[in-house]
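Okay, here's what each chain looks like letter by letter:
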Amino acid sequence: MLTKRIIPCLDIKDGRTVKGVNFEQIRDAGDPVELGALYAEQGADELVFLDITATVEKRKTLIELVNKIAHRINIPFTVGGGIKTEDDVSILLQNGADKISINTAAFLEPTIISRFSKNFGSQCVVLAIDAKCEADNNWYVYLKGGREKTGKLVTDWAREAVELGVGEILLTSMNHDGTKQGFALDITAQLAETLPVPIIASGGGGTTAHFYDVFTKGKADAALAASIFHYKEIAIPDLKQYLHNKGISIRL
Amino acid sequence: MSIVIIQYNAGNIQSVLYALERVGVTATVTDNLEAIQAADKVIFPGVGEASTAMAYLKERNLDTVIKNLQQPVLGICLGMQLMCAYSEENDTTCIGIFEEQVKLFKPTDQTIKVPQIGWNTISNLKTDLFRGIPENSFTYFVHGYYAALGEHAIATTNYIQDYSSALHKNNFYGVQFHPEKSAKVGEQIIKNFLELS
């Protein structure tokens, strides 16, 4: 039986792992290569690396880092941050990334989704959506690391992106990110129940029960979290054992 | 021991190379026909689309060379599918080492996603490729098409229905999952392949 996935996420800034709250207050959380290797060893199902600096001059640092990680890690990993062109994707894949994650660039130029999925396969293309629930109770797409609001509904953008060929959607709730108050169950379930691709839920995982909820009520295919793993608040083996005991299909 | 990874227009070649390095062996990535024929072990990896990959192989006569190899050959994911007779993916005639047909997953309800992405179990394990691997071990899959059950199945997996997650015939082996991304289980399968004679 296909299992639900637990995915630690490493936000990378200047070659280090960092973590913020509601996309702000960023602090250091360690060496991404060592952390990644540790999580793989502990039973993480995949890893996601997001380069939150992602400037042209820092690109080389990221590529070297991807190469180091690829040599160490025996599970799949996704790399995101500032990817705009086929060359950006090629060089990451050549250095050992398995999938790439795109966000702002795809929103501003949606044809990159169809181009990437044609050239590299849709299994390789993850669309990251930063979503915020506004006062009108609708979920809107945000860009540029959550700094820029758009008028686009998350449900509309996700559907368009799937039609263009994304293989998975990584949905981050900005309202929940870093709060440890639980995942955004409603919007996650809404996407998971209407789209034919896997949904990775992100933002708000603070307790083992939150993960149970996101797989049951939220219908997520995978759940992503960062600080609770980095700061050892929840150990991956304990989380997976808990979910298994509660009847969730999980790899132990 | 010389190990060759066949280079062609499909992805994940680098991941396979790094996985081999992690188990302590060096491989050559090449599309040189003589080098492939002379190798002790050949790995035929791949993530991509069947018709484009087959066209590329045919153009370089790689399809015939692969079919006539005598040493142990391991096809991975698309590599395994291309070793089958036929793929529904863009109506493609494949290399034809295994008689199995490759078909598109058809979801029976809206909650089933295609492609299958993630960890699933392998069972009914046969041959030394799976020596020391417990039944129902987890391996990592990413695929929208599957090889139907057939006489060459040496592992089965269930997604919508049972299908062949590994195939074997003579010196040819194929796995639908990615041993290079399947943690310790995958590493053991790679080691087992390297020890086949």
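A brief report on the enclosed structure follows. Bear in mind that the values here come from a model prediction, so they are computed numbers and not experimental data.

From N to C terminus, chain B includes six helices and 13 strands. Taken against the 2.2 N^0.38 rule, which gives 16 Å for 197 residues, the C-alpha radius of gyration of chain B at 15 Å falls within 12% of a compact globule. Principal-axis analysis of the C-alpha atoms gives chain B an extent of 50 × 35 × 30 Å. Every one of the 197 residues in chain B was classed for burial, and the buried ones make up 61%. For chain B, the proportion of contacts with a sequence separation of at least 24, taken over those separated by at least 6, is 69%. Accessible area for chain B stands at about 7400 Å²; split by element, carbon and sulfur atoms hold 47% of it. Between the averaged position of the 14 positive side-chain charges in chain B and that of its 20 negative side-chain charges there is a distance of 4 Å.

The next thing to look at is the overall build of chain A. Within chain A one finds ten helices and twelve strands. A compact globule built from 252 residues should have a C-alpha radius of gyration of about 18 Å, and chain A, at 17 Å, falls within 12% of that. Pairs at least 24 apart in sequence give 65% of the contacts found in chain A among residues at least 6 apart. Accessible area for chain A stands at about 9900 Å²; split by element, carbon and sulfur atoms hold 50% of it. Taken together, the 28 basic and 32 acidic charged side chains of chain A have centroids lying 2 Å from each other.

This paragraph deals with the nonpolar core. One finds Ile102, Ile169 and Phe211 of chain A to be the most contacted residues of the largest nonpolar core, which totals 79 residues. Looking at this core element by element, the count peaks at six residues for helix H2 (residues 59-72) of chain A. Non-local contacts of Ile102 of chain A, meaning those with residues more than four positions away in its chain, are made with Ile83, Ile112, Ile113, Phe116, Val125, Val126, Leu127 and Ala128 of chain A. Ile5, Ala19, Ile189 and Phe193 of chain B belong to the second-largest nonpolar core, a separate cluster that totals 37 residues.

It is worth spelling out the pairing of strand S7 (residues 125-133) of chain A at this point. Residue and element names in this part refer to chain A. Most of S7 sits inside the fold, with seven of its nine residues counted as buried. Relative to S7, strand S6 (residues 99-102) runs parallel, the two being bridged by three bridges. Residue pairing across strands places Ile102 opposite Leu127, the latter belonging to S7. Bridging between S7 and strand S10 (residues 168-173) involves six bridges; their strand directions are parallel. Bridge pairing in S10 links Val126 to Glu168. Relative to strand S8 (residues 139-143), S7 is paired through four bridges, and the arrangement is antiparallel. Directly across from Cys133, in S8, lies its bridge partner Trp139. In this antiparallel pair of consecutive strands, S7 and S8, the connection spans five residues, and Asn137 shows a positive phi of 70 degrees.

All right, on to the packing of aromatic side chains then. To describe a pair of aromatic rings, you give the distance between the ring centres and the angle between the ring planes. Counted by the stated rule, this structure contains 14 aromatic pairs over all chains. An aromatic cluster is defined as three or more aromatic residues linked by ring pairs; in this entry it consists of Phe105, Phe141, Tyr146, Tyr159, Tyr163 and Phe177 of chain B. The positively charged end of Lys149 of chain A is found above the aromatic ring belonging to Tyr140 of chain A, 3.9 Å away from the centroid. Geometry around Trp119 of chain B places Arg251 of chain A over its ring, the cationic atom sitting 3.5 Å from the centre.

With that settled, consider the environment of Leu82 of chain B. All names here are of chain B. If you trace the backbone, Leu82 turns up in helix H5 (residues 78-82). Residues Leu82 and Phe98 lie 16 residues apart in sequence; the distance between their C-alpha atoms is 9.3 Å. Among all residues touching Leu82, those that are not within four sequence positions of it are Tyr8, Phe44, Ala50, Ala53, Met54, Leu57, Cys94, Ile95 and Gly96.

Residues and elements named next belong to chain A. The contact between helix H3 (residues 86-94) and helix H5 (residues 111-120) brings their axes to 11 Å, and the two run at 40 degrees. Of the two possible hands of crossing, H3 and H5 adopt the one that is right-handed. Contacts between H3 and H5 involve Glu86, Val89, Ser90 and Leu93 on the former and, on the latter, Arg115, Phe116, Asn119 and Phe120. Grouping the amino acids of the contact of H3 with H5 by side-chain chemistry returns four nonpolar, two polar and two charged.

Residues and elements named next belong to chain A. Along the chain, the position of Ser249 falls in the segment after helix H10 (236-245). Distance from Ser249 to Lys4, taken between C-alpha atoms, is 6.1 Å for residues 245 residues apart in sequence. Engagement of the side chain of Ser249 in a polar contact is seen with the backbone oxygen of Leu2, the distance being 3.2 Å.

Turning our attention to the interface of chain B and chain A. With 26 residues of chain B at the interface, the matching set in chain A holds 37 residues. Sorting the residues of chain B by area buried against chain A places Lys113, Ile117 and Trp119 of chain B first, and these three jointly supply 29% of that buried surface. The shortest N-O distance in the salt bridge between Asp98 of chain A and Lys181 of chain B comes to 2.8 Å. Where chain B packs against chain A, one counts 21 residue pairs in polar contact (both at pLDDT 80 or more). Going through the elements one at a time, helix H1 (13-22), strand S8 (116-122), strand S9 (137-143), strand S11 (153-159) and helix H6 (183-195) of chain B are the ones with two or more residues in the side of chain B that touches chain A. Looking at the side of chain B that touches chain A element by element, the count peaks at six residues for S8 of chain B.

Once that is clear, we can look at helix H1 (residues 32-42) of chain A. Residues and elements named next belong to chain A. Listed as buried for H1 are Pro32, Val33, Leu35, Gly36, Ala37, Tyr39 and Ala40. Regarding H1, its N-cap is Asp31, as a side-chain oxygen of that residue lies 3.0 Å from the backbone nitrogen of Val33 further along. Gly43 occupies a position one or two residues after H1 and carries a positive phi of about 105 degrees.

Residue and element names in this part refer to chain A. For helix H8 (residues 208-216), the set of buried residues is His210, Phe211, Val214 and Phe215. For H8, the buried positions fall inside an angular range of 130 degrees around the axis, keeping them on one side. The elements touched by buried residues of H8 are strand S1 (5-13), helix H7 (185-194), strand S11 (199-202), strand S12 (222-225), helix H9 (227-230) and H10.

Cut-off values and rules
- Residues numbered from 1 in each chain as written.
- Chains lettered and ligands numbered in written order.
- Predicted model: local features only at pLDDT ≥ 70, side-chain atom pairs only at ≥ 80, totals over all residues.
- Heavy atoms only, no water.
- Helix = DSSP H or I, 4+ residues; strand = E, 2+ residues; numbered from the N terminus.
- Rg over C-alpha atoms; globule rule 2.2 N^0.38 Å.
- Buried < 20%, exposed > 50% of the residue type's maximum accessible area, 1.4 Å probe, protein only.
- Contact = heavy atoms within 4.5 Å.
- Areas by Shrake-Rupley, 256 points an atom, 1.4 Å probe, with all protein chains shown as cover.
- Lys, Arg positive; Asp, Glu negative; His and termini not counted.
- Charge placed at Lys NZ, Arg CZ, Asp CG, Glu CD.
- Core = buried A, V, L, I, M, F, W, Y, C linked by side-chain atoms within 4.5 Å.
- Pairing = 2+ DSSP bridges.
- Phe/Tyr/Trp six-rings, centres within 6.5 Å; stacked < 30°, edge-to-face > 60°.
- Lys NZ or Arg CZ within 6 Å of the ring centre and 35° of its normal.
- Axes fitted to C-alpha atoms, helices over the stretch in contact; angles between N-to-C directions.
- Left-handed = near helix turned anticlockwise from the far one by under 90°.
- Nonpolar A, V, L, I, M, F, W, Y, C, P; charged D, E, K, R; others polar.
- Polar contact = N/O pair within 3.5 Å; in protein donor to acceptor, adjacent residues only side chain to side chain.
- Buried area = accessible area lost by both parts, 1.4 Å probe.
- Salt bridge = Lys/Arg side-chain N within 4 Å of Asp/Glu carboxyl O.
- Arc of directions from axis to C-beta.

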